[in-house]
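# Residue-level structure breakdown
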Amino acid sequence: MRRASALATSTLLSRSLATSSHRLLQVALFASKTTSDACCGARGRWFSPILESFAGGSSRPMSVAGVMVSVAAAATLSQEVYAKEPPPPELVPKDVVLYQYEACPFCNKVKAFLDYYDIPYKVVEVNPLSKKEIKWSDYKKVPILMVDGEQLVDSSAIIDQLGGKVRPEKVAPFGDDEETKWRQWVDNHLVHVLSPNIYRNTSEALESFDYITSNGNFSFTEKITVKYAGAAAMYFVSKKLKKKYNITDERAALYEAAETWVNALNGRDFLGGCKPNLADLAVFGVLRPIRYLRSGKDMVEHTRIGEWYTRMEASVGESARIKA
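Residues numbered from 1 in each chain as written. Predicted model: local features only at pLDDT ≥ 70, side-chain atom pairs only at ≥ 80, totals over all residues. Heavy atoms only, no water.

## Brief notes about unusual backbone geometry
Spelled out, the test is: The helix count covers DSSP runs of H or I at least four residues long, the strand count covers runs of E at least two residues long, and both are numbered beginning at the N terminus. Three labels apply to residues, based on accessible area from a 1.4 Å probe with only protein chains included: buried if under 20% of the type maximum, exposed if over 50%, partly exposed otherwise in between.
Following V142, the chain continues to P143 via a peptide bond in cis, the omega torsion being 5 degrees. With a phi close to 75 degrees, D154 is a non-glycine residue in the positive phi region. By secondary structure assignment, the location of D154 is in the loop between strand 4 (150-153) and helix 5 (155-166). D154 gets classed as partly exposed once you look at its relative accessible area, which sits at 38%. A positive phi angle is found at N266, which is not glycine, with a value near 55 degrees.

## Focus: the nonpolar core
Keep this limit in mind: To define a nonpolar core, start from buried Ala, Val, Leu, Ile, Met, Phe, Trp, Tyr and Cys residues and group those joined through side-chain atoms within 4.5 Å. Any two residues having at least one pair of non-hydrogen atoms within 4.5 Å are treated as being in contact.
In terms of nonpolar packing, the biggest core is built from 73 residues, with F113, L145, W261, L287 and W308 touching the most fellow members. For W261, the contacting residues outside a window of four places in its chain are W182, W185, L271, A279, D280, V283, I305 and W308.

## Considerations on a nonpolar patch on the surface
For clarity, the threshold we go by: The patches reported here contain residues having more than 30% relative accessible area and no salt bridge. Joining distances are 9 Å for like charges and 5 Å for nonpolar side chains (Val, Leu, Ile, Met, Phe, Trp, Tyr). The accessible surface values rely on the Shrake-Rupley method and a 1.4 Å probe; as for residues, cover is taken only from the protein chains in view. Every case where a carboxyl oxygen of Asp or Glu lies within 4 Å of a side-chain nitrogen of Lys or Arg is listed as a salt bridge.
Together, F220, I224 and Y228 make up an exposed nonpolar region whose accessible area comes to about 340 Å². Within the fold, F220 resides in helix 8 (residues 220-244).

## Some points on the packing of aromatic side chains
The following threshold applies: Centres within 6.5 Å are what make two rings of Phe, Tyr or Trp a pair, Trp counting through its six-membered ring; a difference in plane orientation under 30 degrees is then read as stacked, over 60 as edge-to-face, and the rest as tilted. Comment: the charge-over-ring label is applied if NZ (Lys) or CZ (Arg) is within 6 Å of the ring centre and within 35 degrees of the ring normal.
Applying the stated criterion across every chain, the model contains 10 aromatic pairs. A centroid spacing of 6.4 Å and a plane angle of 70 degrees characterise the contact between W308 and Y309, whose relative ring orientation is edge-to-face. Here W308 matches Y309 in class, with each residue buried. In textbook terms, an aromatic cluster arises when at least three aromatic residues are bridged by ring pairs, as seen for W182, W185, W261, F284, W308 and Y309. Geometry around Y309 places R291 over its ring, the cationic atom sitting 5.8 Å from the centre.

In structure tokens form, the structure reads like this:
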């Protein structure tokens, strides 16, 4: 009697563990489900025996211990899909300094590249009114990237030149390829849609300049001056840009751009396939400063770009910035 009771208890426990393990496995599998078919063909074949054992399609059900090992492996595979691509240590520059505005789309494009390739860098926040931090340079715009004493300017040129140093095997000449096409789309179209949205009205303009209160080595007076004078100036600049680029409805133009990008993905996790390419990093970089502003929240709520953006956040990961 005791033996029968023990067997029944053991059976119930095994079923309970198997059910729990099945659920854990489903979670792990779901995390990797969003990867493209090209990336996941082998992964799907690897998982199929596990699924069959739960569905009764296998004559040799997998043990609970085996399932738990498989769950751990599934989670690991899921994490590996969205990972940084650091270059070999010998190719990483020793001293990288970025002169920037924290909220500048072009500066954030460079930072997305540096973060994804895990290249440590320091930041000098530039006062957008006085620009005193870059008076030493003949180039009076940001971003400016100093790489081991060499000055690099213009965001796309910076990425091309630095990319040639840290990822020489991936350097390709500009042409009509898909990656180049969409990088140019970012510079020639997407960035011009952003300003009219960021500075659409006075409250959104002020919101976009909140960063100045927590970034840069500025005095209290400088912070207040930059926040209010900068917001006012950019509000009027955005109206000129709106007229220049024939934008009638700022939000509609932003949503259309976001949908255009999602359509370009054509079902892939990234434009680069299993991993982001330079076009993915460019779009992510210029959108990053607005993502949690009112304009960015509206964009994610009203378009399909949210899932791709979340994958990019996971891939780019933590900032490689060296804290002062």
